[in-house]
Amino acid sequence: INLADLPKDSILINKPAGVMDYYLKNRIFVLGLTVISLLIIAGTLLFSRIKLKKASLSVRMSEQRYRTIFENTGTAMGIFRNDSLLMLADSEFENLTGYAKSELENRYNWYVLTGETGLPVLNDGHAADEDTGPSPGFECRIRNRAGETRDVYAISERIQIGRAHV
């Protein structure tokens, strides 16, 4: 029987309930469940944001410690990518080459600074010593801004995570 065909004064037993009927009968329960769900979502987002801020702070502190050590060793230091581009130079490296950091970083590569002597170190790995195994040290010549050549004993170590050389 179609519900529309019944007389208006009919009383229905077990009438099919819609969503609105359920909401009207249980509105406090539905509202409470909605509020609890929203609080859980807000708490999750807040917790994620706190974790992200904490991780970001940790990275900044680590970078600051690393930069402090890098800048205050008293030796010329540079970080070169595997394609030999100079990524980062310290003040002693500036003094050695005569170039400012802004001129060196991400502009000059190992080959421009050293010529052919630097080629085996960055491409083929460290020079091997028969008795002691690989050696991170090698001799090379670096040309400064004035075109003068300086003899340098360089020590190269690979940074595993960033795939670069210090």
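About the criteria used
Along every chain, residues carry numbers that run from 1 in the direction the sequence is written. Local features in this predicted model are restricted to residues of pLDDT 70 or higher, and side-chain atom pairs are both shown and tallied only at a pLDDT of 80 or more, whereas totals for entire chains, interfaces and linings draw on every residue. Each side-chain value is worked out from all heavy atoms of the structure, with water and hydrogens disregarded. Going along the chain from the N terminus, every DSSP run of H or I of four or more residues is numbered as a helix, and every run of E of two or more is numbered as a strand. For the exposure calls, accessible area comes from a 1.4 Å probe over protein chains only, and a residue counts as buried if that area is under 20% of its type's maximum, exposed if over 50%, partly exposed in between. Calculation of accessible area relied on Shrake-Rupley with a 1.4 Å probe; when residues are assessed, cover is drawn exclusively from the protein chains displayed. By nonpolar core we mean a set of buried residues, namely Ala, Val, Leu, Ile, Met, Phe, Trp, Tyr and Cys, connected to one another through side-chain atoms within 4.5 Å. Should any heavy atoms of two residues lie within 4.5 Å, those residues are considered in contact. Only Phe, Tyr and Trp rings take part, Trp by its six-membered ring, and two of them pair if their centres are within 6.5 Å. Stacked means planes under 30 degrees apart, edge-to-face means over 60, and tilted covers everything else. For two strands to be treated as a pair, DSSP must find at least two bridges joining them. Within this document, salt bridges are pairs made up of a side-chain nitrogen of Lys or Arg and a carboxyl oxygen of Asp or Glu, the two lying within 4 Å of each other. Two distance rules govern patches: like charges are joined within 9 Å, and nonpolar side chains (Val, Leu, Ile, Met, Phe, Trp, Tyr) within 5 Å, applied only to residues with over 30% relative accessible area and no salt bridge. Any pair of nitrogen or oxygen atoms within 3.5 Å is treated as a polar contact; in protein, a donor-acceptor pairing is required on top of that, and neighbouring residues in sequence qualify only through side-chain atoms on both sides.

(A) Inspection of the overall build of the chain at higher detail. When helices and strands are counted, the chain shows six helices and eight strands. Beginning at the N terminus, the succession of helices and strands in the chain can be written as α-α-β-β-α-α-α-α-β-β-β-β-β-β. Looking at the chain as a whole, 20% of its 166 residues are labelled buried. Carbon and sulfur atoms make up 59% of the accessible area of the chain, which amounts to about 12700 Å² in all.

(B) Structural detail: the nonpolar core. Of all hydrophobic cores here, the largest spans 14 residues; its most connected members are Phe80, Leu86, Phe93, Leu104, Cys140 and Val152. Put simply, the parts of the chain that give this core at least two residues each are strand S2 (86–89), helix H3 (91–97), helix H5 (110–114), strand S5 (137–143) and strand S6 (149–155). Excluding its chain neighbours within four sequence positions, the residues that come into contact with Phe93 are Ala76, Met77, Gly78, Phe80, Leu86, Leu104 and Leu113.

(C) Representation of the packing of aromatic side chains within the structure. For the structure shown, the criterion picks out three aromatic pairs. Where Phe80 meets Phe93, the ring centres are 6.3 Å apart and the plane angle is 70 degrees; that geometry is what we call edge-to-face. In this pair, Phe80 sits in strand S1 (residues 78–81) while Phe93 sits in helix H3, placing the two residues 13 residues apart along the sequence. A single burial state applies to Phe80 and to Phe93, both of which are buried. A network of ring pairs unites the aromatic residues Phe80, Phe93 and Trp110 as a single cluster.

(D) Summary view of the pairing of S2. Alignment of S1 against S2, held across three bridges, turns out to be antiparallel. From the neighbouring strand, Ile79 faces S2, where its bridge partner is Leu88.

(E) Fine view of the pattern of salt bridges. Using the criterion set out here, one finds two salt bridges in the structure. The shortest N-O distance in the salt bridge between Glu103 and Arg145 comes to 2.6 Å. Of the two residues, Glu103 is situated in helix H4 (residues 101–104) and Arg145 in the loop between S5 and S6; the sequence distance between them amounts to 42 residues. Residue Arg145 is classed as partly exposed on the basis of its relative accessible area, which comes to 46%.

(F) Expanded view of a nonpolar patch on the surface. A grouping of Tyr22, Phe29 and Leu33 is seen on the molecular surface, where their side chains present a nonpolar patch of about 340 Å² in accessible area. One can find Leu33 in helix H2 (residues 27–71).

(G) Quick peek at the side chain of Thr114. Inspection of the secondary structure assignment puts Thr114 in helix H5. Thr114 gets classed as buried once you look at its relative accessible area, which sits at 6%. A distance of 2.8 Å separates a polar side-chain atom of Thr114 from the backbone oxygen of Trp110.

(H) Spatial organisation of unusual backbone geometry. One non-glycine residue, Asn106, lies in the positive phi region at around 60 degrees. Locating Asn106 in the fold gives a position in the loop between H4 and H5.

(I) Quick look at the environment of Leu86. Looking at the secondary structure, you find Leu86 in strand S2. Along the chain, Leu86 and Ala164 lie 78 residues apart, while their C-alpha atoms are 9.5 Å from each other. In this structure, Leu86 is in contact with Gly78, Ile79, Phe80, Phe93, Leu104, Glu105, Asn106, Arg107, Tyr108 and Asn109, ignoring residues within four places of it in sequence.

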